[in-house]
Amino acid sequence: MPMLTRRSVLGALAAAPALVSRPARAAWPERPVTLVVPFPPGGSNDVVTRMVAQPLSQALGQPFVVDNRPGANGNIGAAQVARAAADGYTVLVSGNGQNAMNHGLYRNMPYDSRTGFTHVAQLASLPNALVVAENFPARTLADLVRMAKERPGDITFASPGSGSSGHLAMAMLMRAAGIEMLHIPYRGAAPAITDVIAGQVPVVMINVDIPLPHVRAGRLRVLAVTSEARSPLYPEAPTVAESGYPGFSANGWLGLSLPAGAPADIVARLHDAAARALQDPQVRERFAAGGYIPGAGSSADYARFVDSEITKWGAVTRDLNIVLE
């Protein structure tokens, strides 16, 4: 029998882990998954999330629970997810505000959207609409630009808030057109629309779905939309690009992102479930009714898109010196 030495015993112990198979990680998900929406209920982010939550639940066999965590233009909810365990049970509904625009708007961000998340899938994009009160004299974007040049800084425009997609889309348009208008930020889309209808503010830049019932009722009029193609909600309204500003595009968007370091198999399962949800006939019908454009592409495509949006909106905020505290 060979003699056992201290060295041989230690060597055997060191080799032991390689000889013992580790238990496999349980298949995800085993319990409910939280979808963190970093904005209040009722907005576009919340509406789209609730449209896809049930199909995700059906595809993956566990409830997908919507948790609204508003504040700081989306930063509070996004930071919460960035700090969460990368186990697939806390998912950020990522978007153009918290995951792109805010990097140019805030000097001190509590996370980095390029490195703090694993971006999984784009769910939807949503154009903005340039909308005026029905009695406002401008009938086209060209009319509005002419009026603004004649009265620089005199015409006001509303948005759902400082740093919102509507605010920065309008800032981008003003830069392209060489005009100056006075920004009136509101605490959300509903009060902004209410004041435009009432004549308190003549112009608003806002997600296309919000003014739809008022446009149909004749209280508001759409001058242009900010997408590359016309919106099916307002087929008669030209795009900003058609109206004399080629290449102009300023859409809202949202998707699903996990904390950095999420396992590849979880990322793949969530991406595939989201892709199936976007093909669900009921989801597509509801998207069409709200003017939402379904997302597409791989997780890598979404990560590249987020990166490009950070660069794009960073240039806008720097050029116009737009900063939020």
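Residues numbered from 1 in each chain as written. Predicted model: local features only at pLDDT ≥ 70, side-chain atom pairs only at ≥ 80, totals over all residues. Heavy atoms only, no water.

Student: Hey, could you run me through the overall build of the protein in this one?
Tutor: Scanning the protein for helices and strands turns up eleven helices and eleven strands. With respect to the principal axes defined by its C-alpha atoms, the protein has extents near 100 × 40 × 30 Å. Long-range contacts, defined here as pairs at least 24 residues apart, represent 77% of the contacts in the protein between residues at least 6 apart. Approximately 15,000 Å² of the protein is accessible, and the part contributed by carbon and sulfur atoms is 55%. Side chains of the protein give 27 positive and 24 negative charges; the mean places of these two sets differ by 6 Å. (Helix = DSSP H or I, 4+ residues; strand = E, 2+ residues; numbered from the N terminus. Contact = heavy atoms within 4.5 Å. Areas by Shrake-Rupley, 256 points an atom, 1.4 Å probe, with all protein chains shown as cover. Lys, Arg positive; Asp, Glu negative; His and termini not counted. Charge placed at Lys NZ, Arg CZ, Asp CG, Glu CD.)

Student: How should the pattern of salt bridges be read in this particular structure?
Tutor: Pairs may arise between side chains of opposite charge once their charged atoms sit close together. Tallied over the entire structure, the rule returns twelve salt bridges. The residue Glu 150 makes a salt bridge to Arg 146 at a minimum N-O spacing of 3.7 Å. Of the two residues, Glu 150 and Arg 146 are both situated in helix 5 (residues 141-150); the distance of four residues between them amounts to about one turn of the helix. A relative accessible area of 54% means that Glu 150 is categorised as exposed. In this structure, the salt-bridge partner of Arg 151 is Asp 154, at a minimum N-O distance of 3.0 Å. (Salt bridge = Lys/Arg side-chain N within 4 Å of Asp/Glu carboxyl O. Buried < 20%, exposed > 50% of the residue type's maximum accessible area, 1.4 Å probe, protein only.)

Student: Explanation requested: the sheet that holds strand 1 (residues 33-37) in the structure shown.
Tutor: Within a sheet, neighbouring strands are paired by backbone hydrogen bonds and run either parallel or antiparallel to one another. Reading across the sheet, the six strands line up as 2-1-3-10-4-11 and stay open at both edges, with mixed pairing between neighbours. Of all strands in the sheet, those with a lone pairing partner are strand 2 (64-68) and strand 11 (293-294), marking the two edges. Examined bridge by bridge, strand 1 and strand 2 share five bridges and lie parallel to one another. Bridge pairing in strand 2 links Val 33 to Phe 64. (Pairing = 2+ DSSP bridges.)

Student: Teacher, can you tell me more about the environment of Leu 60 here?
Tutor: By secondary structure assignment, the location of Leu 60 is in helix 2 (residues 44-60). According to the relative accessible area criterion, Leu 60 is buried, its value standing at 8%. Put simply, Leu 60 and Val 33 are 27 residues apart on the chain and 10.0 Å apart in space, counted from C-alpha to C-alpha. The residues touching Leu 60, leaving out its near neighbours within four places in the chain, are Trp 28, Pro 29, Arg 269, Leu 270 and Ala 273.

Student: Sorry, what's going on with the pairing of strand 9 (residues 220-225) here?
Tutor: Successive side chains on a regular strand alternate, one facing one side of the sheet and the next facing the other. In terms of residue burial, strand 9 counts as a mostly covered element, since six of its six residues are buried. Two strands pair when backbone bridges link them, and strand 5 (residues 128-133) and strand 9 are joined in this way by five bridges, in the antiparallel orientation. Among the inter-strand pairings, Leu 130 is bridged to a residue of strand 9, identified as Ala 224.

Student: Could you clarify how one ought to interpret the packing of aromatic side chains in this entry?
Tutor: To describe a pair of aromatic rings, you give the distance between the ring centres and the angle between the ring planes. Using the criterion set out here, one finds four aromatic pairs in the structure. An aromatic cluster of at least three residues, connected via ring pairs, comprises Trp 253, Tyr 302 and Phe 305. (Phe/Tyr/Trp six-rings, centres within 6.5 Å; stacked < 30°, edge-to-face > 60°.)

Student: Is there a simple way to think about the confidence of the model for the protein in this case?
Tutor: Detailed reading of the predicted model is not advised wherever pLDDT is low. For the protein, the mean per-residue pLDDT works out to 91, and 92% of the residues sit at or above 70. In this model residues 12-23 is a low-confidence stretch, pLDDT under 50, and it forms zero contacts with partners more than four residues away in sequence or in other chains. (pLDDT = per-residue confidence, 0-100.)

Student: I keep staring at the packing of helix 9 (residues 264-279) against helix 10 (residues 281-290) and nothing clicks. Help me out?
Tutor: How two helices sit against one another is set out by the angle between their axes and by the gap between those axes. As a packed pair, helix 9 and helix 10 sit with axes 5 Å apart at the nearest point and diverge in direction by 70°. On the basis of their axis angle, the class for helix 9 and helix 10 is roughly perpendicular. In this structure, helix 9 contributes Ala 277, Leu 278 and Gln 279 to the contact, and helix 10 contributes Pro 281, Val 283, Arg 284 and Phe 287. A breakdown of the residues in the contact of helix 9 with helix 10 according to their chemical character gives five nonpolar, one polar and one charged. (Axes fitted to C-alpha atoms, helices over the stretch in contact; angles between N-to-C directions. Parallel < 35°, antiparallel > 145°, perpendicular 65-115°, else oblique. Nonpolar A, V, L, I, M, F, W, Y, C, P; charged D, E, K, R; others polar.)

Student: Before we go on, may I ask you to explain the pairing of strand 4 (residues 117-126) in this structure?
Tutor: Burial of strand 4 is extensive: ten of the ten residues sit out of reach of the surface. One ladder, built from eight bridges, connects strand 4 with strand 10 (residues 252-259); its direction is antiparallel. Following the sheet pairing, Ala 121 is matched in strand 10 by Leu 256. The pairing of strand 4 with strand 11 spans two bridges and is classified as antiparallel. When the bridges of strand 11 are listed, Ser 125 appears paired with Ile 293.

Student: Is there a simple way to explain the side chain of Asn 96 in this structure?
Tutor: Locating Asn 96 in the fold gives a position in helix 4 (residues 96-105). Of the polar contacts made by the side chain of Asn 96, one reaches the backbone nitrogen of Trp 253; its length is 2.9 Å. The contact partners of Asn 96, leaving out residues within four places of it in the chain, are Met 101, Ser 165, Asn 251, Gly 252 and Trp 253. (Polar contact = N/O pair within 3.5 Å; in protein donor to acceptor, adjacent residues only side chain to side chain.)

Student: Hey, could you run me through helix 10 in this one?
Tutor: Spacing of three or four residues puts side chains on the same side of an α-helix, whose turn is 3.6 residues. Every buried residue of helix 10 is accounted for by Val 283, Phe 287 and Gly 290. The buried side chains of helix 10 occupy one side of the element, clustering within an arc of 70° when seen end-on. Residues of helix 10 that are exposed and point more than 90 degrees away from the buried face comprise Pro 281, Gln 282, Glu 285 and Ala 289. Considering only its buried residues, helix 10 is in contact with helix 2, strand 4, helix 9 and strand 11. (Arc of directions from axis to C-beta.)

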